[in-house]
Each structure stands twice: as structure tokens, then as C-alpha cells.
Amino acid sequence: MISQIGCCVSYLLFIGQNLSSIFIGRTQSCVFIFCLLPFQVFLAWVRSLAALAPFSIFADVCNVLAMAIVFKDDIDGSLRFDKVKPYTNLSGTFFGVGVALYCFEGMAMTLSLEASMKKPHKFGKVLGLAFGLIGLLYISFGFAGYLAYGEQTHDIITLNLPNEWTTVAVKISLCIALFFTFPVMMHPVYDIFERKLGMTDWYQKSVSKSPKLRELLSRSLRGLVVLIIGFVAVLVPGFGVFISLVGSTVCALLALVLPAIFHIHIFKDDLGLLEKLVDMFLIVCGIAFAIYGTYDSFVDIFGSYWQ
């Protein structure tokens, strides 16, 4: 839940900062974030992932078009290897790994996506292919951006682009894509909240027997969650440090620590020594990274407030 909520907070941050850069001098990013919330509350009332599929497809099309234009602008800005500088401190390394782990924030959607598939037995192949292609895309996208802008690369790469109509098109396309991705990413959060609420004695006695009351409570709960996420997004001091914090904490546990623990627990009688050592290595490294990465991110966050 924390992982998904953190990702959606970053979506609102991205949209707010990009729209603010388009209308610079007229308004602030928080105004755009608050303007988006009523529409997100409406989309939160859509219960089925299948019903959200058209929005997700439209978001994917916008993403592809926007990334193609960003690649073009990177190349036009001349890719130069002399702009590349290595990390010279441990903090920069942990920041980079935290952001990299955050990039796979959709991992929490795997069970929901598998349950929504028409042929769930093919999910493993689809998941492996998706991770491979997306990983390659992320690496090439980040590498091209850093070659083009070097140390001046912003947390949000679109803020580096020249002030042209293509840049405006990229920013609007990405904002539209994340706007429609938001309700998809929030689906597991709503589902967990409602299932936990449905297990309480109060719900069973006072709400479960009335369909209208169940629907009203569900919509109110979803709307409240969206509003809270919006207020959190307004309070976050920076995009890059926030996604590094999310990646260093819950994403590190979801990606490295918990899978290794589950693997040891489920197959403990069948694992060889090498497999156990690999799992233990992932657990130790994941916990160490989560602790130091979280500490480093908090230092950056409070440093931003103090400044």
C-alpha cells in the first residue's frame, strides 16, 4: 500500500511541476494538483481493472509518443561522453539505486493483473518479457538524457527540454498518461482498504446488509484516500529525493528482501547451499540498502526544508 501510494504521489508531483513549467509565472504546481483531485476521485469509483483498460492503453500511447520526442531532443542536443562523470560518493550511488528500484513500482500490480487476464497461465512469459523490455527502455532513456545534459540533468527530464512546441506536447502527453495511470496504480490500495474494512465487526453489523450504504462508504473511502494523497504531494519538497525514498524503503523490501524470504520459506527443503546463499545475500544487501538509503533520503529531505 505504501509503495503504490508513494508512486501515485510522485505522479501528482510530476504532473503539477510539468504543467507549472508550461504556465510559468501564472500559477504554482500545487494549484494544478488540487485541480486534478476531483477528476481522480471520479476515476477512483471505477471498480474493475478491465474497465480501466481503455484509459491505460491511451496512457501507453501518450507515453510512447512523449518518449520518442524526448529521445529526439536528446540526440539533437548532442550526446557527448565528455559530459559523463562517475559517482564519487556513496550517497549518489544509493540515490541512483533507489530511483532504479522505484522505476519498477508496478510490481505491486502483478497479482491484480494476473487475476484480470483472460489467459492467466501465460502471465509468467508476459511478465518476463515486459520486465526485460521496460528495463532496456529505462536504461537507454536515462543514459541518453545524461549524455545530453550531463550534471545539469533535472530530476524530471522534461524540464531540461528546450522551450518549443514539441516540449509542450511531450509534457502534456506525459501528464495525460500519468493522469490515467493513477487510478490503475491505486486499484490494489482501494481493494486492500475495502477488504480490511469489510472484516470489521462494525461493517458486518451496520453496513454489509445495505447495498446503498456499502456503495456510499466505498466511494467515500476512495475519495478520502485520493484527497490525502493530494495533500501529501503538495508537502513533498522534491521529486527526485521523494522517489529515491520510496525506492529505498518499501520498493527495496518488495523487490529484494521479501521475495528471498518467501523463496526460502516455501522451498526450504529443496534448496541447495548456493541457492540459500543467494537468498541470504539478497536479504542482507536489501536490508542494508533500505536502512542507508532511507537515512540518506531523509537527510536530503530535511536539508531541503532547512534551506
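Please read all numbers here as calculations on a predicted model, not as lab measurements.

1. Regarding the overall build of the protein chain
Phase 1: Looking only at helices and strands, the protein chain features 11 helices and zero strands.
Phase 2: Across the protein chain, helices and strands are ordered from the amino to the carboxyl terminus as α-α-α-α-α-α-α-α-α-α-α.
Phase 3: When the 307 residues of the protein chain are sorted by exposure, 38% land in the buried category.
Phase 4: If you take every contact in the protein chain between residues at least 6 apart in sequence, the share linking residues at least 24 apart comes to 79%.
Phase 5: Here the protein chain has roughly 17,600 Å² of accessible surface; of this, 71% comes from carbon and sulfur atoms.

2. Remarks on the environment of G16
Phase 1: Secondary-structure assignment places G16 in helix α1 (residues 2-22).
Phase 2: Sequence-wise, G16 and F34 are 18 residues apart; in three dimensions their C-alpha atoms are separated by 9.1 Å.
Phase 3: Excluding residues within four positions of it along the chain, G16 makes contact with S29, F32 and I33.

3. Some details on the nonpolar core
Phase 1: In terms of nonpolar packing, the biggest core is built from 58 residues, with L12, F182 and M186 touching the most fellow members.
Phase 2: Looking at which element gives the most residues to this core, the answer is helix α7 (residues 165-198), with 13 residues.
Phase 3: Setting aside residues up to four positions removed in sequence, F182 forms contacts with C8, Y11, L12, Q40, Y190, V226 and I229.

4. Description of the confidence of the model for the protein chain
Phase 1: On average, residues of the protein chain score 79 in pLDDT, and 89% of them are at 70 or above.
Phase 2: Of all the helices and strands in the protein chain, helix α4 (residues 90-102) carries the lowest mean pLDDT, 72, while helix α9 (residues 211-235) carries the highest, 86.

5. Quick look at the packing of α1 against α7
Phase 1: Where α1 meets α7, the closest approach of the two axes is 9 Å, and the angle between their N-to-C directions is 160°. As summarised for this structure, α1 and α7 are arranged roughly antiparallel, according to the angle between their axes. Crossing handedness for the pair α1 and α7: left-handed.
Phase 2: In terms of residue class, the contact of α1 with α7 is built from 19 nonpolar, four polar and one charged.

6. So, helix α6 (residues 123-149)
Note: α-helices contain 3.6 residues per turn, so residues at a spacing of three or four share the same orientation.
Phase 1: Counted at 1.5 Å a residue, the expected span for α6 with its 27 residues is 39 Å, and the 38 Å between its end C-alpha atoms agrees.
Phase 2: Those residues of α6 not exposed but buried are F123, G135, F141, A144, G145, L147, A148 and Y149.
Phase 3: One or two steps after α6, the chain reaches G150, where phi turns positive at roughly 60°.

7. Remarks on the pattern of salt bridges
Phase 1: By the definition in use, this model includes three salt bridges.
Phase 2: Residue D191 pairs with R195 through a salt bridge whose shortest N-O separation is 3.1 Å. Residue D191 and its partner R195 are located together in helix α7, separated by four residues, close to a single helical turn.
Phase 3: Among the residues examined, D191 registers a relative accessible area of 34% and is labelled partly exposed.
Phase 4: Judged by its relative accessible area of 49%, R195 is partly exposed.
Phase 5: Put simply, R222 and E194 hold a salt bridge, and the shortest N to O gap is 2.7 Å. In this pair, R222 is assigned in helix α9 and E194 in helix α7, connecting sequence segments 28 residues apart.

8. What about a positive patch on the surface?
Phase 1: Side chains of K118, K119, K122 and K125 sit close together on the surface and give a patch of like positive charge.
Phase 2: Tracing the sequence through the fold places K122 in the loop between α5 (110-116) and α6.
Phase 3: Of the residues examined, K122 reaches a relative accessible area of 42% and is grouped as partly exposed.

Rules used throughout
Residues numbered from 1 in each chain as written. Predicted model: local features only at pLDDT ≥ 70, side-chain atom pairs only at ≥ 80, totals over all residues. Heavy atoms only, no water. Helix = DSSP H or I, 4+ residues; strand = E, 2+ residues; numbered from the N terminus. Buried < 20%, exposed > 50% of the residue type's maximum accessible area, 1.4 Å probe, protein only. Contact = heavy atoms within 4.5 Å. Areas by Shrake-Rupley, 256 points an atom, 1.4 Å probe, with all protein chains shown as cover. Core = buried A, V, L, I, M, F, W, Y, C linked by side-chain atoms within 4.5 Å. pLDDT = per-residue confidence, 0-100. Axes fitted to C-alpha atoms, helices over the stretch in contact; angles between N-to-C directions. Parallel < 35°, antiparallel > 145°, perpendicular 65-115°, else oblique. Left-handed = near helix turned anticlockwise from the far one by under 90°. Nonpolar A, V, L, I, M, F, W, Y, C, P; charged D, E, K, R; others polar. Expected span 1.5 Å × (residues − 1). Salt bridge = Lys/Arg side-chain N within 4 Å of Asp/Glu carboxyl O. Patch = residues over 30% accessible without salt bridge, like charges linked within 9 Å, V, L, I, M, F, W, Y side chains within 5 Å. Lys, Arg positive; Asp, Glu negative; His and termini not counted. Charge placed at Lys NZ, Arg CZ, Asp CG, Glu CD.

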